[in-house]
Every structure is written in structure tokens, then in C-alpha cells.
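In case you want the letters, here they are:
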Amino acid sequence: MSDVQQGASSANASSPRSASGRSGGFDLGRILLEGRAFFALIAIIIIFSILSPVYFSTNNFLTMSSHVAIFGLLSIGMLLVILTGGIDLSVGSTMGLCGVMAGFLMQGVSVDAFGVTLYPPVWAVVVLTCVLGAFVGMINGVLVSIFRVPAFVATLGTLYVARGAALLMTDGLTYNNLGGNPEFGNTGFDWLGFNRLFGVPVGVLIFAAVAIACMFALNRTPFGRWVYATGGNARAAELSGVPVKRVQVWVYVLSGVCAAIAGLVLSSQLTSAGPTAGTTYELTAIAGVVIGGAALTGGRGNVRGTLLGAFVIGFLSDGLVIIGVSSYWQTVFMGAVIVLAVLLNSIQYKPRKKRAASTEHQKASPSSGTA
Amino acid sequence: MSSEESVMERPTRSGSETGEVVLSARNVAKSFGSVHALKSVNFDIRRGQVTTLFGENGAGKSTLMKILSGVIQPSAGEIVLDGEPVRFSSTVDAQRHGISIIHQELSLAPNMNVRDNIFMGRELGGPGGVDYAEEARETERLMAELDEPIGPLTLVEDLRLGQQQIVEIARALSVNSRILIMDEPTSALSASEVEVLFRVIEDLKSRGVSIVYISHHLEEALTITDHAVVLRDGAMTAWAERSEIDLEWIVRHMVGDNFDLGSPPTGHTMGEVALSFENVSVADVAVPERSVVDRLSLAVRAGEIVCIYGLMGAGRTELLECAAGRVSASEGRIMLEGEDISSLSIAERIERGLVLVPEDRQRDGLVQTMAVGENLSLASIGAFTRGLLTSRGREQAVIEASIRNVHIKTDGGAAGIGSLSGGNQQKVVIGKMLATHPRVVLLDEPSRGIDIGAKAEVFRLLAEGASNGLAVIYSTSEVGECLSVAHRIVVMSRGRISAEFGADVTREEIMAASGESAEG
Ligand SMILES: Nc1ncnc2c1ncn2[C@@H]1O[C@H](COP(=O)(O)OP(=O)(O)OP(=O)(O)O)[C@@H](O)[C@H]1O
Ligand SMILES: [Mg+2]
């Protein structure tokens, strides 16, 4: 036994390489495959810079980034949900509902009993809006984890309910006056996305902060590990002491909060809050996550990839607008990019042995076919 | 080494009588990146005979069988079928040549019923689409042959692991192949099912079917084998006919040393009762009126090792899962160190030192998307978390300690779970739970798929734990394993304890206690 054990442990010592380093001469392909979102982004920037003189400028990048920030925020919440093996179709509606909620609060809340109108300060608006987002998320989470409604169906339901609630709140109209009034002490809504800090749109900074927080949570906290374990194999995770149900509720709550933040940033950017804001954004958010390499079956994916995915979508669609491609073609391009990304995902996650086998068998036995 | 020579001198008979070589691997090698799983192996399968393949975990047994059945392609060497070199591009291709395989890790679709699983991909056509009636009849016939009353319409996910294994066997039988490869077909079966399987194997042999059999239950394998081949570290180290081999021969060539499974640790004083079941019943999931565990009482003290022996379906798994909090008891209570834990969650029970090593590693033990290291540390995240954050360094220490303690053969903690051999995956599940530093550990068939060296290692770990005050309950369906480190052997049958023995019991007594009550 001893020599066998030694063989094993010396293999340990001599090859501390990670899973990515094991494929020998096939590395270039792997690097391209694993970094595909990154290379796609570079390619997009190069191509559009050649096609349009205005594309490659700091200002344009900042403008495009502030667009990316909106569905990027949704994508990050979505990533958490997808990592646990679920899906959150309600984020677009939740975002619209939260935007409207913020708009409503900014108009002042009249309390009939006392005959007064309360003007909550902007921080209170932010908190209340996030609470609303969390509440919608919690409904999703409870439906999925405790009542075992399939995530697709549960969040599809909330999608409709939240959208309907937003329309009911405003009667289909849009709040245009979000500036607040210095007399009431509720100014400052512009600082949630419209204004710039050190030349960078605040929305982009918020997006960056959320992304970093999420990256941290996924990589360095027990919660992050639980999220990956729940998505990889919920039964095994549960038997290892992972509070699977709680984790499921939490990811939907966080996704709801991300949607609320996105709603705030968007209404601040637009200086208006409409009930139809964010329609179909859930699909863009999912696309960002998928282009970023996450698996819809759960357990695989990371924030870095999702960020790249969001930027690929944002920079591509804005680039198409800038060079004047018709919006019909834009839609076609987006669709093609998403399918391509998922296609590459399935190549990447094919069981290793099969891929190794097929490449080796090409190398090893080009002849000898006598079946 | 004399065994090497016997490989060279092995007689090559010809003619179409029993014993003729039908399928062989010639100088087959296989590497996965830097891992050389097989190094130039020669292996023959003979008509109407059983060839057994022995070897420790990660020796390359499954890899060789996957190559012979077209699941993967060799990096070098060739496969010769009836004297002609062939290449199988897929399992379907191999099946067309009459070769089928029962995989070590079950490959059934849990959401489909038994009939559809058996005929998956080969549905019987009829005038109006698939001929379900014929398929169901055939399924019933196969189940009768295997002596297992499973209805063709039962969902696979409702079956116990052992029953799933039987379905897997039935599927391989239904193909009517001339070469049947069985990679640890009995790891979840108990003695009586194994006996039935062996009857079936004898029958197949007499019909000229060649069989390759892999098992870590050495004695059991010896009873049916005609030839034995030992693989070690990807190379063939010995070959011999049945008449020349015995247990000692296998062990010597497999691991170089003789292992015994240890004896009950003595010399420490046993503590208080650590875990006790008081009149615990667990209802059957399918038929709630029926109890799979029936008013059972059992207590284990700190420092004591209790073995639960029983046939498949005796209620062992349910009992242990109930203690771990996976299923709840319909009656009675479970006390951990004098405290009723019935209302605690699984996580809370783990925190208090009660852990379960589940039976089905694929379904309940491993997170396939995570690396070996992350799997090993999953249950003890708290140990390397300070405040909100986990510490990479401390986690690495936990992982490395586990890899060392349970002797996992891996490329390092970052390797994917799927790159480990079956037995090594099992060791990951055991290592994960032991890393939580439990006070009571429940192991459901801990030796499933691990080689005797590792088995001895696991039992040694348990014995060592017990002498430091760990309370241990493990279940097994192999009598040999009852007679190792356990202080007490409890025989379970139909949800009840049918007998209880001390460490000085004999095999026969244990078998009788489980068998008799299963009849009556
Ligand atoms: N897909 C893979 N990628 C990388 N390494 C692999 C892969 N499959 C198998 N191996 C390695 O090949 C070696 C042989 O594995 P194999 O599964 O054949 O062992 P085995 O003899 O069947 O062991 P066990 O008794 O545990 O089932 C092991 O070291 C394993 O880690
Ligand atoms: Mg194996």
C-alpha cells in the first residue's frame, strides 16, 4: 500500500494546478472558451470603434456604463437566484413597481387622519423602496422554498402582480417630478443615478458597489458557499447542514432588493418614474448571467462573468444604436449573441471525460477503423 | 514478480468452446490530462466465464471497463473482439457488438418509471407507437428473475438505492448481450439479493455469456469467479485461475499487505448514553399507514461502536435519516446527550455533534459542481469562519487534513469531484462529516465502494474516535464488517431489532437472526 499512497501524495505535491491547468496542449482553446465574454467585449469595443468615431471616448463609455448599470444590477440579483438553481422572472416588474413607489413617496404622502402631507427625506424613500423590493422577493422565496412552487411559475406570477400593482398605483401615468422641494427637505433624488461623482455617473458607482459586495458575499462568506452548494445539489447540501430553505428565501430577497435599487437608479437617471419601466428587463438580466458563463441548472457562475455579460449586452446594443443599425436588426443581433453564449456554455460544461476522450481519440488513433 | 510471468505465459486457447477469448484489451492506456489512469493494460474476457477485476480505489478498474464498453476511448492500444481489432465510438456501438455495462454510479432517470428506464433508448415498437404492454410484461419477467417485487410502473426515485441497483441490473440483462460488464453491481445489495444475482450469473454463464465482475466484497466475488485479474495503479499486477487464488492472494496483490478490519477498541471507559432512540417509528413515504421503523429503541454510549446489520428494506437507512433530521419520526423521541432533538433542524444537529454519512453519495453526499476541497469543507464552514468571513488559509488546512486522514487519492483539493474514482468519492463524503469533529457519527453503509485498505482505514478512524469518546453507529449489509470494530451488533428486520449480539458473535448467528425473521 505504501508506494501507492506515496504515488498519490507526490502527485499532490507536484501538481497543485487547478482544474483549468490540466488539459496540456489544448490550452489556447480553453483560455478562449473560458474568457469568451471578455474577448467578446474586447471584440465589440474594437469593431464599433472602427465603425464609429464617437464610440471610443470616455464620455461614451460612461454613458453606456450607466445603461449597463440598470440591468447589470438586475443581473447580479439574478445571478444569486440562478446559482441556487432557480430563476427570477419578476425583477423587471419589481423594478418598475419600486420606481413607481419611489415616485409616489417623493410626491408626499398625505395622511388623512391628521390632514397633513408627509414628505419623507430621500434616504427614507430609498429604505422604503428597498423594503418593498425585499418584500416582493420574499414572496417569491417563500413560494419557491416552502410551498415548492416551481421558480419559473412563482416568479411569473409575481411578474404580473407587481406590474399590475404599479399600474394601479399610478393609473397608468408617470411621475415626472422627482426633484423634491428644498422646503420639505426631500431633495437629492438626483444623487441616486443622474448626477456624477468624480465625473462618474452615480448609478455606475452604485452598480460597482453592489457588484463588489456580491462578489465578496459569494467568495468569502458562508452564505456564498451555501448558495453554490444549494444549486449544485440541494439534498447533499441540506445533509451537510446548509440551511437550504433559508438560502433560497434570501437569494430572492436579495434579487428583489437589487431590482429596487435598479428601479431607484433608473428613475433618477430618467428623472421620472413610470409603471411600465423595466418591461422585459428580466430577460436581459438572464441573458447577462448566461453570457457570463453561469449554468441555468445552478451551482456554476460568478460575479465577474456576469459583469462581463452585462457589459457585452450593453456595449453591443448601444454600439448598434450609435452606428445606426435599425432596431429590428438590433433585436436579431441580441438573440444571436445569447444563443451563441449558451452554445459555448454547453461546450464548457460537457463532462470532462467526454471532451478529453474525443480530443485524445483524434490525436491517438487517426487510423485503425475496423468496425 | 512471479505474477507478472503468469501474465506472459497465460495460455491462449482457441475454438468456440467455453473459455475462448472473446474480447480483449491490448496494451490499452488512458490518461486524463496528467493523470495516468491506465498504463498499457492487457485484459481478456472469456466465453461463458466470469472474470473478476480486483484493485484498490483509483486503480483504474472503472476506466478499463468504460473503454471496453465504448463510454470512453483509449489514449493508446486496441480492443480486439473475436480476433478482430474494433473501435467502439459509443456505448450504442458497443451494444450493437453485444457488450453492455452496469455502471458503478447508477445511471437511471429518477423521474421515470422502472419500465421506461429499462427500455430507455430501445423502446419496443408496436403498431400504435411504443408497445407499453409488452415492455411491462418483459419488465415483470426480469423482476421475477431477479426475485424483486418491483412493479413496472414504480417511479425510480421512490425506490431504495438497492432496488435501483436491481433495476440497473435488469436493464443490462434485458439487452441480451454476450458480454456483460458489472462494475460493483452489489455495493448496495445485501446477502440475499446478492445470492439471487449470483444465480442469474450462473444461468448467464451456462448460456455462454461472458461476464466481467468488479467488487470490493472480495469473498463474495471469489464465490463466482473463474479468473481473477488484479489492477494496481493503472497496471495489471497479477492474473490467475480460480483454483490458484484465495483471499490472501488477492489482498497481497491488491495492496501488498494483509489487512484485517480491526477489533473493537478497548481500554477506554465508555461514557454516558450519547444518542438514544426511544420507541421511534418512521412512516413509509409511499404508504403512510405502514411503518418502516417500528417502535424501535436503541442507545449508544460515548465511546461505543454499534453496528446495525440487516437486509435491504429493514429500515436501517430510515432510522439513521430520522436521527439526522432528514425525515421526522411519526412516534417516539430521539435523545442526544439527554436532550430531545426531535424539533432541531439538520444544521442544528450537526452543530451539536450529530452527523450522518448518507448511503447514496451521488444523491445525498456530493455537490457535483464543487471541487473536492469545497465538498470536504462544506459541513464545517463554521470552523474557518471568523465574523462574517471565511478564511482561505484555515479552510485549506481543514481540506488537507481531511485528504490525509481518509487517504483520498486526488490531484489536490481543487480537482473536480467527477475526476475521482468511486471509492475516493465515498471517502470525500466520510471525510466531510468527520471534519466537523462530531460526538455522534452515523454511517449508512460507509464501506460502499471502498477498497479493503480504505475500509480498514475508515474502521481504524472510527475505532480511534471511539477511544476518544466518539459514539458510532454504522450500518452494513456485509457480515464481515459487523465483526470488525463494533462492540455491539444489532440485527434489524422489518423496522425492528430482531437480535442483539456482543462482539463475540459468529457470522452464522447474525445471518440466522436477519434471515429467519425476514421469512416469518
Ligand atoms: N474524468 C476523469 N478525469 C480525471 N481523472 C479521472 C477521470 N476519471 C477517472 N480518473 C482517474 O483515474 C484513476 C482511475 O479511476 P477509476 O474510476 O478507473 O478507478 P477504480 O479502479 O474504478 O476505483 P474504485 O474502486 O474507487 O471505483 C483515478 O485516479 C481517477 O482519479
Ligand atoms: Mg470504479
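Here, every reference points to the structure presented above.
Scoring rules and cut-offs
Residues numbered from 1 in each chain as written. Chains lettered and ligands numbered in written order. Predicted model: local features only at pLDDT ≥ 70, side-chain atom pairs only at ≥ 80, totals over all residues. Heavy atoms only, no water. Helix = DSSP H or I, 4+ residues; strand = E, 2+ residues; numbered from the N terminus. Buried < 20%, exposed > 50% of the residue type's maximum accessible area, 1.4 Å probe, protein only. Contact = heavy atoms within 4.5 Å. Areas by Shrake-Rupley, 256 points an atom, 1.4 Å probe, with all protein chains shown as cover. Donors = N, O, S within 2.8 Å, 3.2 Å for Na, K, Ca; no water. Phe/Tyr/Trp six-rings, centres within 6.5 Å; stacked < 30°, edge-to-face > 60°. Lys NZ or Arg CZ within 6 Å of the ring centre and 35° of its normal. Pairing = 2+ DSSP bridges. Axes fitted to C-alpha atoms, helices over the stretch in contact; angles between N-to-C directions. Polar contact = N/O pair within 3.5 Å; in protein donor to acceptor, adjacent residues only side chain to side chain. Left-handed = near helix turned anticlockwise from the far one by under 90°. Near = heavy atom within 4 Å. Nonpolar A, V, L, I, M, F, W, Y, C, P; charged D, E, K, R; others polar.

### Focus on the overall build of chain A
Helix and strand counts for chain A come out as 15 helices and four strands. Within chain A, the proportion of its 371 residues that are buried is 49%. Taking the contacts inside chain A whose residues are at least 6 apart along the sequence as the reference set, 76% of them involve residues at least 24 apart. On chain A, roughly 17,100 Å² of surface is accessible, and the fraction owed to carbon and sulfur atoms is 69%.

### Considering the coordination of the magnesium ion (ligand 2)
Taken together, the protein ligands of the magnesium ion (ligand 2) are B:S62 (OG) and B:Q104 (OE1), with distances of 1.9 to 2.1 Å. Note that B:S62 is positioned in helix α2 (residues 61-68) and B:Q104 in the loop between β6 (99-102) and α4 (114-118), a separation of 42 residues in sequence.

### Let's talk about the packing of aromatic side chains
All chains considered together, the criterion is met by eleven aromatic pairs over all chains. Residue placement shows B:K30 over the ring face of B:F32; its charged tip is 5.4 Å from the ring centre.

### Quick look at the sheet that holds strand β3 (residues 50-54) of chain B
Residues and elements named next belong to chain B. What the six strands build is an open sheet, ordered β6-β9-β10-β3-β11-β12; its pairing is mixed. A single partner strand is all that each edge strand has here, and the edge strands are β6 and β12 (235-241). Looking at each pair of strands side by side, their axes are set apart by 15° on average, direction ignored. In this structure, strand β11 (residues 227-232) lies alongside β12, joined through six bridges in antiparallel fashion. If you follow V230 over to β12, its bridge partner there is A238. Sheet strands touched by α2: β3, β6, β9 (179-183), β10 (210-214) and β11. Its angle to β3, the strand with the most contacts, is close to 140°. The sheet contacts of helix α6 (residues 161-174) involve β6 and β9, and relative to β6 the element is tilted by about 180°.

### Overview of the side chain of A:Q248
Looking at where A:Q248 falls in the secondary structure, it is placed in helix α11 (residues 244-270). Those residues in contact with A:Q248 that sit more than four places away from it in its chain are A:G141, A:S145 and A:T230.

### Re the environment of B:L319
Residue and element names in this part refer to chain B. Mapped onto the elements, L319 comes out in helix α10 (residues 316-324). When its relative accessible area of 0% is taken as the criterion, L319 is described as buried. A sequence separation of 150 residues divides L319 from G469, and the C-alpha atoms of the two residues are 22 Å apart.

### Here we look at the side chain of B:E395
Considering the arrangement of structural elements, one finds B:E395 in helix α14 (residues 392-405). Among the polar contacts made by the side chain of B:E395, one reaches the side chain of B:S377 at a distance of 2.8 Å. In this structure, B:E395 is in contact with A:R225, B:E374, B:S377 and B:F384, ignoring residues within four places of it in sequence.

### Observations regarding the packing of helix α6 (residues 122-145) of chain A against α11(A)
Residues and elements named next belong to chain A. For the pair α6 and α11, the least separation of the axes is 7 Å and the interaxial angle reads 145°. Considering only the axes of α6 and α11, their crossing is right-handed. Residue-level inspection shows V126, T129, C130, G133, A134, G137, M138, N140, G141, V142, V144 and S145 of α6 in contact with α11, the latter providing K245, Q248, V249, Y252, V253, G256, V257, A260, I261 and L264.

### Description of the site of ligand 1
The environment of ligand 1 is formed by 19 residues, the closest being B:K61, B:S62, B:T63, B:S419 and B:G423. Residues near ligand 1 are shared among chains A and B, making this a multi-chain site. B:K61 is positioned with one of its side-chain polar atoms (N or O) 2.7 Å from an oxygen atom of ligand 1. Within the backbone of B:G423, one N or O atom sits 2.7 Å away from an oxygen atom of ligand 1. Among the elements of the structure, α2 and α15 (422-434) of chain B are those that each provide at least two residues to the shell around ligand 1. The element that contributes the greatest number of residues to the shell around ligand 1 is α2(B), accounting for three residues. Class assignment of the residues belonging to the shell around ligand 1 gives a composition of four nonpolar, eleven polar and four charged.

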